[in-house]
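Results of the structural survey
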Amino acid sequence: MTEALGDAAVSDFAVATEGLTKRFRQQVAVNAVDLLVPRGAVYGFLGPNGSGKTTTIRMLLGLIRPTAGRHRLLGRAMPDHFGDVLPLVGSLVEGPAFHPYLSARANLVRLDSVDRHADPRTTRVRVDGALDRVGLLAAADKKYRAYSLGMRQRLAIAGTLLAPRELLVLDEPTNGLDPQGTREVRHLIGSLADDGATVLVSSHLLSEVEQVCTHVGVMHVGKLLTQGPIAAVRAVSEPRARVVTDRPQDAARVLRELGLTDVAVESGLAMGTLGKLAAEKIVAALVHGGVPVTGFAVERPSLEDLFVSLTGEGFNVSG
Amino acid sequence: MSAADLTPGRTTGPATEVVGAVATQVATAPTARPRRHVSTRFLRSELRLIFGRRRNQAGLGILAVVPLIIAIAVKVSTPRAGRGPDFFASITSNGLFVSLSSLSIELGLFLPLAVGTIAGDSVAGEANIGTLRYLLAVPVHRTRMLAVKFAAITIFSLVATVWVSLVGAVAGLALFGGGEMTLLSGTQIGMGQAVLRVVMAPVYLGLCFASLGAIGLFISTLTEQPIGATIAVVILNVMSFILDAIPQLSWLHEWLPTHWWMSFGDLLRDPIVWGDLTRGLLTAAGYALVFWLAAWAHFSDKDVTG
């Protein structure tokens with residue numbers, strides 16, 4: 001984001017950070033991140049474990065102080081307006097956390113009673129409503145200690161629903177949920193978005209994000225590599241034609257003549273980015289040029305390919 | 001990437017109406033949720049957490065055992081003069097002295113341990129199980145949180161001392177009866193006056209322990225291990241008693257947090273000798289203020305990563 005954005009434009013974003021940076025001793029956990037979450041978006045905040053997603057979220061919520069940079073939530077500058085803005089923000093940060101010896105209901109009542117903006121007369125109704133929305137009403141009086149990981153995760157989500165929210169920040173909301181629970185959470189995110197809330201959902205699982213998100217941002221080693229509407233991000237990776245032939249140099253020449261860009265040659269392979277060219281014309285041109293074609297394909301990288309190409313393969317935790 | 005690339009919108013067809021709905025919301029400032037002003041809800045919630053917890057209930061149970069043991073032990077064998085605190089010898093003459101004897105026995109370790117447990121738990125306990133981040137995200141202002149936590153510690157320490165006195169008084173009156181009380185200075189006062197003084201003693205000590213609680217609150221902001229904070233409080237408490245017992249350090253004694261605790265005995269003189277009691281309350285207030293501010297200075301911009 002640049003200074004050129006006026007105040008009106010700034011308020012279009014539920015989350016807008018500018019050069020947000022966090023350094024822990026020697027390590028830079030978050031490096032000059034300019035996160036822009038438009039109002040009404042479901043923003044998938046992607047990145048491998050340890051890429052700085054949670055640290056960024058902690059900074060957004062004022063739990064940790066940025067080393068540099070600044071940010072706005074719902075159009076208001078932080079940290080000056082935490083008191084006004086955070087009541088409108090529901091958050092789930094790094095897994096559920098509740099008092100183990102209290103029941104689920106008592107835990108939510110506890111959260112509600114520390115909220116100066118909550119009306120004590122409606123606590124019971126709102127707590128039970130939130131429990132109902134995540135399917136925990138029947139287990140409301142069970143001690144948190146006796147909850148399974150999936151139930152704990154649902155309870156944490158219920159905690160974000162105690163009051164009307166304009167922004168939900170959900171850090172790995174489907175962690176520990178079974179496939180059924182994952183689908184319910186996805187559904188819940190969709191319905192919250194339909195109610196007009198902006199949702200920032202972090203995840204290291206692409207499949208769950210791809211289905212609900214309107215926007216994505218990809219973090220890697222503390223940097224935000226790319227962000228934007230999901231279609232735009234995907235469009236970055238244009239379809240490429242792949243020709244299998246025993247004369248790849250000749251094939252590459254034909255591809256260049258046709259106007260393909262980024263033409264590359266490997267042993268037995270020639271590749272090029274299609275652009276606006278119709279794919280079926282390529283094979284005809286190749287045959288016409290006397291290049292024997294043993295295989296031909298047009299490949300469009302999936303979001304997962306894109307993700308891997310941005311963040312690298314492997315299980316190594318970055319940093 | 002320009003702002004135009006990021007205009008709100010869903011990629012799927014049917015949701016286009018949502019885009020319009022959101023767009024009308026965009027220009028407006030956040031719809032503020034009205035804030036309620038003075039409320040004791042947070043404090044009451046805090047007290048429910050403290051007194052509702054089994055461990056703490058068991059702790060209060062143990063504190064109550066001491067007055068019972070004293071009362072029964074004295075009943076079955078009259079103590080010889082010259083042994084134990086002054087109050088012991090007077091128990092047989094007025095049961096209320098069980099209350100005072102219990103306080104003098106428990107102020108060395110049991111009561112500081114109880115207050116240290118609650119204080120150590122106050123911030124570190126929440127950090128340890130992760131609820132601290134959710135409290136702060138509600139949001140709870142950090143200064144408000146420390147104020148409420150300290151208020152809860154103070155109330156707990158008053159409840160603990162009053163509880164010990166109450167159990168002592170009830171057990172003592174049951175076994176030895178009440179009536180006129182012969183004070184340490186030798187004069188006699190009526191039952192009403194006696195009860196008043198026996199009530200003042202735990203209030204004085206409760207306020208003294210609250211200052212220890214402030215030290216505990218500060219230590220509790222330094223760690224995510226509540227047990228560690230509790231142990232640190234007990235060590236400081238014992239250290240203070242040890243320093244107080246070394247005559248070569250007499251210049252230091254009046255500044256030690258525990259030095260004036262035994263002065264609650266002055267409530268049993270006629271008239272009440274206020275000098276040391278006042279000094280004790282001022283010392284307690286001083287420690288409470290300094291360590292509450294230290295907790296605030298450390299915690300108000302601390303990174304909460306637990």
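As a convention, each chain's residues are numbered from 1 in the sequence order in which they are written. Whichever chain is written first becomes A and whichever ligand is written first becomes 1, with later ones labelled in order. In keeping with the predicted nature of the model, local features appear solely for residues at pLDDT of at least 70, side-chain atom pairs appear and are counted solely at 80 or more, and the whole-chain, interface and lining totals rest on all residues.

**So, the confidence of the model for chain B**
Residues and elements named next belong to chain B. Quick note on the threshold: One number per residue, pLDDT, summarises how confident the predictor is, and it ranges from 0 to 100. Throughout, a residue-residue contact means that the two C-beta atoms, derived from backbone geometry, are no farther apart than 7 Å.
Mean pLDDT over chain B: 86, with 86% of residues reaching 70 or higher. Per-residue pLDDT stays below 50 along residues 1-30; that stretch engages in 50 contacts with residues further than four places along the chain or on separate chains. Quick note on the complex model: pTM equals 0.84, ipTM equals 0.83.

**So, the domain arrangement of chain A**
Put simply, the test is: The start and end points of each domain follow an automatic or database-based domain assignment.
Here the domain parsing of chain A yields domain 1 (7-235) and domain 2 (240-300). Between the C-alpha centres of domain 1 of chain A and domain 2 of chain A there is a distance of 46 Å.

**A short note on the sheet that holds strand 7 (residues 89-92) of chain A**
All names here are of chain A. The condition is simple: At least two DSSP bridges between two strands are required for those strands to pair. In DSSP terms, a helix is any run of H or I states spanning at least four residues, a strand is any run of E spanning at least two, and both are numbered starting from the N terminus. For helices, the axis comes from a line fit to the C-alpha atoms of the stretch in contact; other axes are also lines fit to C-alpha atoms, and the angle between any two N-to-C directions lies between 0 and 180 degrees.
With mixed pairing, the six strands of this open sheet are ordered in space as 7-8-9-4-10-11. The two strands at the open ends of the sheet, each matched to only one other strand, are strand 7 and strand 11 (223-229). Recorded for the sheet is a direction-independent mean angle of 10° between the axes of neighbouring strands. As judged from the four bridges shared by strand 4 (residues 42-46) and strand 10 (residues 215-220), these two strands associate in the parallel manner. Pairing of tyrosine 43 across the sheet is with histidine 215, part of strand 10. Sheet contacts for helix 2 (residues 53-60): strand 4, strand 8 (167-171), strand 9 (198-203) and strand 10; angle to strand 8, the most-contacted strand, approximately 145°.

**Comments concerning the pairing of strand 2 (residues 27-33) of chain A**
All names here are of chain A. Relative to strand 2, strand 1 (residues 13-24) runs antiparallel, the two being bridged by four bridges. If you follow leucine 20 over to strand 2, its bridge partner there is valine 33. Where strand 1 folds back onto strand 2 in an antiparallel hairpin, the turn is made up of two residues, including arginine 25, whose phi is positive at roughly 50°.

**What to know about the packing of helix 6 (residues 110-129) of chain B against helix 8 (residues 142-176) of chain B**
Two quantities define a packed helix pair, namely the angle between the helix axes and the distance between the axes. Residue and element names in this part refer to chain B. Rules: In these notes the angle categories are as follows: under 35 degrees is roughly parallel, over 145 is roughly antiparallel, 65 to 115 is roughly perpendicular, and the rest is oblique. The handedness criterion is simple: a crossing whose near helix is rotated anticlockwise from the far helix by less than a right angle is left-handed, and one whose near helix is rotated clockwise is right-handed. Classes in brief: Ala, Val, Leu, Ile, Met, Phe, Trp, Tyr, Cys and Pro nonpolar; Asp, Glu, Lys and Arg charged; the others, Gly included, polar.
Running from N to C, helix 6 and helix 8 point in directions that differ by 160°, and their axes come no closer than 10 Å. Regarding the angle of helix 6 to helix 8, the classification is roughly antiparallel. Considering the relative orientation of helix 6 and helix 8, their crossing is right-handed. Here helix 6 contributes Leu111, Ala114, Val115, Ile118, Ala119, Ser122 and Val123 to the contact with helix 8, which in turn contributes Lys149, Ile153, Phe156, Ser157, Ala160 and Thr161. Considered class by class, the residues forming the contact of helix 6 with helix 8 number nine nonpolar, three polar and one charged.

**So, the nonpolar core**
Note the following rule: A set of buried residues qualifies as a nonpolar core if it consists of Ala, Val, Leu, Ile, Met, Phe, Trp, Tyr and Cys joined through C-beta atoms within 7 Å. Exposed residues have 12 or fewer other C-beta atoms within 10 Å of their own C-beta, buried residues have 20 or more, and residues in between are partly exposed; the C-beta atoms are placed from the backbone.
Core analysis: the biggest nonpolar cluster contains 153 residues, and A:Val199, B:Val115, B:Ala214 and B:Leu217 have the highest contact counts within it. Each residue touching B:Ala214, except ones within four places of it in the same chain, is listed here: B:Phe150, B:Tyr287, B:Ala288, B:Phe291 and B:Trp292. Grouped together as the second largest cluster of nonpolar side chains are 13 residues, A:Val254, A:Leu260, A:Ala270 and A:Leu274 included.

**Comments concerning the packing of helix 2 (residues 41-52) of chain B against helix 8 of chain B**
Residues and elements named next belong to chain B. It is at 9 Å that the axes of helix 2 and helix 8 come closest, and there the two elements cross at 50°. Compared by their axis directions, helix 2 and helix 8 come out oblique. Pair helix 2 / helix 8 crosses with right-handed handedness. In contact with Phe42, Leu43, Glu46, Leu47 and Ile50 of helix 2, helix 8 contributes Val148, Lys149, Ala151, Ala152, Ile155 and Phe156. For the contact of helix 2 with helix 8, the class distribution of residues is nine nonpolar, no polar and two charged.

**Some details on helix 2 of chain B**
Rules: Here the expected length of a helix is defined as 1.5 Å per residue gap, with one fewer gap than residues. In this description, the arc belongs to the directions extending from the helix axis to the C-beta atoms.
Here helix 2 of chain B is twelve residues long and its end C-alpha atoms lie 16 Å apart, about the 16 Å a rise of 1.5 Å per residue gives. All buried positions along helix 2 of chain B are accounted for by B:Phe42, B:Glu46 and B:Leu49. Looking straight down helix 2 of chain B, one finds that the buried residues subtend no more than 60° of arc, so they occupy a single side. The inward-facing, buried residues of helix 2 of chain B contact helix 4 (104-113) of chain A together with helix 8 of chain B.

**Comments concerning helix 6 (residues 149-160) of chain A**
Over its twelve residues, helix 6 of chain A extends 17 Å from the first C-alpha to the last, a length consistent with the 16 Å expected when each residue adds 1.5 Å. The buried fraction of helix 6 of chain A amounts to ten of the twelve residues, a majority that puts the element mostly inside the structure. Taken residue by residue, helix 6 of chain A has A:Met151, A:Arg152, A:Gln153, A:Arg154, A:Leu155, A:Ala156, A:Ile157, A:Ala158, A:Gly159 and A:Thr160 as its buried positions. Contacts made by the buried residues of helix 6 of chain A are with strand 7, helix 4, helix 5 (123-133), strand 8 and helix 7 (179-194) of chain A together with helix 7 (131-137) of chain B.

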